[in-house]
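The chain contents come next:
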Amino acid sequence: MIDYLIVGSGLAGISFSEIALQNGKSILVLDNHSQNSSKIAGGLYNPVILKRFSEVGQAKEHLVSMNEFFTILEKKLNTKVDVKMPIIRRLFSIEEQNNWFIASDKPNLAPFLSTTLITRKYNGIDSPFGYGEVLQTGYIDTALLLITYKEYLLKNNFFREESFDYSLLEEEENGIRYKDIQAKHIIFAEGFGMHANPYFKELPLDGTKGELLVIKAPELDLDLIVNSSVFILPLGDHLFKIGATYNWDDKTDRPTEEGKAELIEKIKEVIHCDFEIVSHLAGVRPTVKDRRPLVGTYSNHNSIHILNGLGTRGVMLGPAMAKALFENIEYQIHLERAVDIKRFEK
């Protein structure tokens with residue numbers, strides 16, 4: 001018997017797998033790679049909501065968890081996936097400059113917002129009012145993370161590539177049985193695929209489609225991430241990831257001409273140099289109506305659990321939410337009401 005059977009190997013599945021392994025537990029991960037939102041994600045982590053100049057909830061705590069998690073993981077995988085890089089917010093007016101200074105003076109935002117505006121001219125971008133710099137930011141190379149972590153799981157016989165058949169899941173006195181697998185617990189970390197899950201499909205996972213472009217722009221001179229109407233993330237070799245769109249109606253992971261046109265229009269609002277589109281990506285983010293994760297245990301079934309709904313901030317939330325769920329299962333430490341799926345019980 002293993003300790004944890006984990007369904008899904010996106011950011012949520014990797015986060016829980018690694019927390020369990022770091023605590024000496026045995027795992028097996030199942031995935032058919034039908035969900036690709038983690039693979040194509042921008043992977044940005046940013047403790048500030050820049051539209052409103054407000055702090056992301058529990059940003060300090062989540063950054064600590066994230067940094068600790070990826071430091072250990074990078075050493076284990078011998079692969080660099082956490083790229084520390086400033087995010088600069090393109091400012092549009094004197095009023096926005098003033099709002100930036102007001103925000104940077106607030107105690108909860110002071111650690112994250114520089115009080116010195118950046119006036120440097122970046123070739124290919126006009127910004128007459130300069131930029132505000134956000135601190136303690138960067139991005140996780142999610143595509144590289146998923147590839148290298150799967151290789152690690154396969155090497156250690158911790159992974160099976162297969163679709164999950166819910167009808168074959170049986171509950172037993174001390175856990176669950178699935179085909180030839182006996183486990184004390186099963187963790188569903190399926191992203192938007194949760195809608196097919198009979199245990200959790202009633203939860204309000206909305207799903208928000210996002211599309212991104214990778215462009216080549218030889219004249220664009222950037223060594224940091226720009227936040228404007230889109231984000232511009234430098235990948236090296238004159239390549240830049242551009243995102244993202246938000247579509248609440250289309251639940252497919254197929255790139256669309258509408259999404260491409262929207263991104264091109266927004267790119268041209270920001271950069272003033274030639275570029276070519278190298279690739280066009282799309283995926284459905286696992287978002288929740290109240291913008292909180294879905295963490296917890298299926299009612300009256302002590303062996304069936306969920307880790308989902310990480311939304312647009314998956315790289316920041318994943319490690320902290322995985323740790324919270326693990327400690328809830330192993331040590332009965334209560335989950336916060338704001339993330340516990342019990343908040344939806346009638």
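Residues numbered from 1 in each chain as written. Predicted model: local features only at pLDDT ≥ 70, side-chain atom pairs only at ≥ 80, totals over all residues. Heavy atoms only, no water.

**Student:** Looking at this structure, I do not really get the packing of helix α1 (residues 11–22) against helix α3 (residues 59–77). What am I missing?
**Tutor:** Geometrically, a packed helix pair is captured by the angle between its two axes and the distance between the axes. Contact geometry of α1 with α3 gives a least axis separation of 11 Å together with a crossing angle of 80°. In this view, α1 runs roughly perpendicular relative to α3, as classed from their interaxial angle. Residue-level inspection shows Ile14, Ser15, Glu18, Ile19, Leu21 and Gln22 of α1 in contact with α3, the latter providing Phe69, Ile72, Leu73 and Lys76. The residue inventory of the contact of α1 with α3, partitioned by class, reads six nonpolar, two polar and two charged. (Axes fitted to C-alpha atoms, helices over the stretch in contact; angles between N-to-C directions. Helix = DSSP H or I, 4+ residues; strand = E, 2+ residues; numbered from the N terminus. Parallel < 35°, antiparallel > 145°, perpendicular 65-115°, else oblique. Contact = heavy atoms within 4.5 Å. Nonpolar A, V, L, I, M, F, W, Y, C, P; charged D, E, K, R; others polar.)

**Student:** I'm lost on the sheet that holds strand β16 (residues 231–236) in this one. Help?
**Tutor:** Where strands meet in a sheet, backbone hydrogen bonds hold them as pairs that are either parallel or antiparallel. With respect to topology, seven strands assemble into an open sheet ordered β8-β7-β15-β16-β17-β14-β18, the strand pairing being mixed. The open sheet has two free edges, formed respectively by β8 (131–134) and β18 (276–285), since each of these has just one partner strand. Each adjacent strand pair in this sheet contributes to an overall mean axis angle of 25°, direction not counted. (Pairing = 2+ DSSP bridges.)

**Student:** Help me understand the packing of α3 against helix α7 (residues 314–331) in this model?
**Tutor:** The contact between α3 and α7 brings their axes to 8 Å, and the two run at 85°. As far as their axial angle goes, α7 and α3 are roughly perpendicular. Contact residues: α3 offers Ala59, His62, Leu63, Ser65, Met66, Phe69 and Phe70, while α7 offers Val315, Met316, Leu317, Pro319, Ala320 and Met321. Partitioned by chemical class, the residues of the contact of α3 with α7 number eleven nonpolar, two polar and no charged.

**Student:** Which parts of the structure should I look at to understand the packing of aromatic side chains?
**Tutor:** Ring pairs (aromatic) are described by centroid distance and by the angle formed between their planes. On inspection of all chains with the given rule, the structure shows 18 aromatic pairs. With 6.3 Å between their ring centres and 70° between their planes, Tyr152 and Phe158 make a pair best called edge-to-face. Judged by its relative accessible area of 18%, Tyr152 is buried. Between Phe164 and Phe188 the ring centres are 5.5 Å apart and the planes differ by 85°, which places this aromatic pair in the edge-to-face class. Remark: Phe188 occurs in strand β13 (residues 181–188) and Phe164 occurs in the loop between β10 (159–161) and β11 (169–172); sequence separation between them is 24 residues. On the basis of relative accessibility, which here comes to 14%, the residue Phe164 falls in the buried class. What makes Phe188 buried here is its relative accessible area of 0%. These aromatic residues form a ring-pair network of at least three members: Phe164, Tyr166, Tyr178, Phe188, Tyr199, Phe200 and Tyr298. (Phe/Tyr/Trp six-rings, centres within 6.5 Å; stacked < 30°, edge-to-face > 60°. Buried < 20%, exposed > 50% of the residue type's maximum accessible area, 1.4 Å probe, protein only.)

**Student:** Is there a simple way to explain the environment of Leu63 in this structure?
**Tutor:** Looking at where Leu63 falls in the secondary structure, it is placed in helix α3. According to the relative accessible area criterion, Leu63 is buried, its value standing at 4%. Along the primary structure Leu63 and Met321 are separated by 258 residues, whereas in three dimensions their C-alpha atoms are 12 Å apart. In contact with Leu63, not counting residues within four places along its chain, are Tyr45, Pro47, Phe112, Gln136 and Met316.

**Student:** How should the sheet that holds strand β6 (residues 82–84) be read in this particular structure?
**Tutor:** Reading across the sheet, the three strands line up as β3-β9-β6 and stay open at both edges, with antiparallel pairing between neighbours. The sheet is open, and its two edges are formed by β3 (44–45) and β6, each paired on a single side. As paired strands, β3 and strand β9 (residues 138–140) are joined by two bridges and run antiparallel to one another. Within β9, the position partnered with Leu44 by the bridge is Tyr139. Contacts between α3 and the sheet are confined to β3, β6 and β9, with β6 contributing the most and set at about 125° to the helix.

**Student:** I tried to follow the pattern of salt bridges on my own but got confused; where do I start?
**Tutor:** Two side chains carrying opposite charge are able to pair once their charged atoms lie near each other. Counted by the stated rule, this structure contains 19 salt bridges. Here Lys60 and Glu55 are joined by a salt bridge, their closest N and O atoms 3.7 Å apart. For Lys289, the salt bridge is made with Asp206, and the minimal N-O distance between the two is 3.8 Å. Of the two residues, Lys289 sits in the loop between β18 and β19 (294–297) while Asp206 sits in the loop between β13 and β14 (208–216), which places them 83 residues apart along the sequence. Here the residues in one salt-bridge network are Arg120, Asp221 and Asp223, joined through shared partners. (Salt bridge = Lys/Arg side-chain N within 4 Å of Asp/Glu carboxyl O.)

**Student:** Even after reading the chapter, I still don't get unusual backbone geometry, so can you show me in this structure?
**Tutor:** In terms of backbone geometry, most residues other than glycine have negative phi values and most peptide bonds are trans. Cis geometry marks the peptide bond from Gly243 to Ala244, where omega comes out at -5°. In this fold, Ala244 is placed in the loop between β17 (239–243) and α6 (257–270). A positive phi angle is found at Asn78, which is not glycine, with a value near 55°. If you trace the backbone, Asn78 turns up in the loop between α3 and β6. You can call Asn78 exposed: its relative accessible area is 71%. The phi dihedral of Gln332 is positive, around 60°, even though this residue is not glycine. By secondary structure assignment, the location of Gln332 is in the segment after α7.

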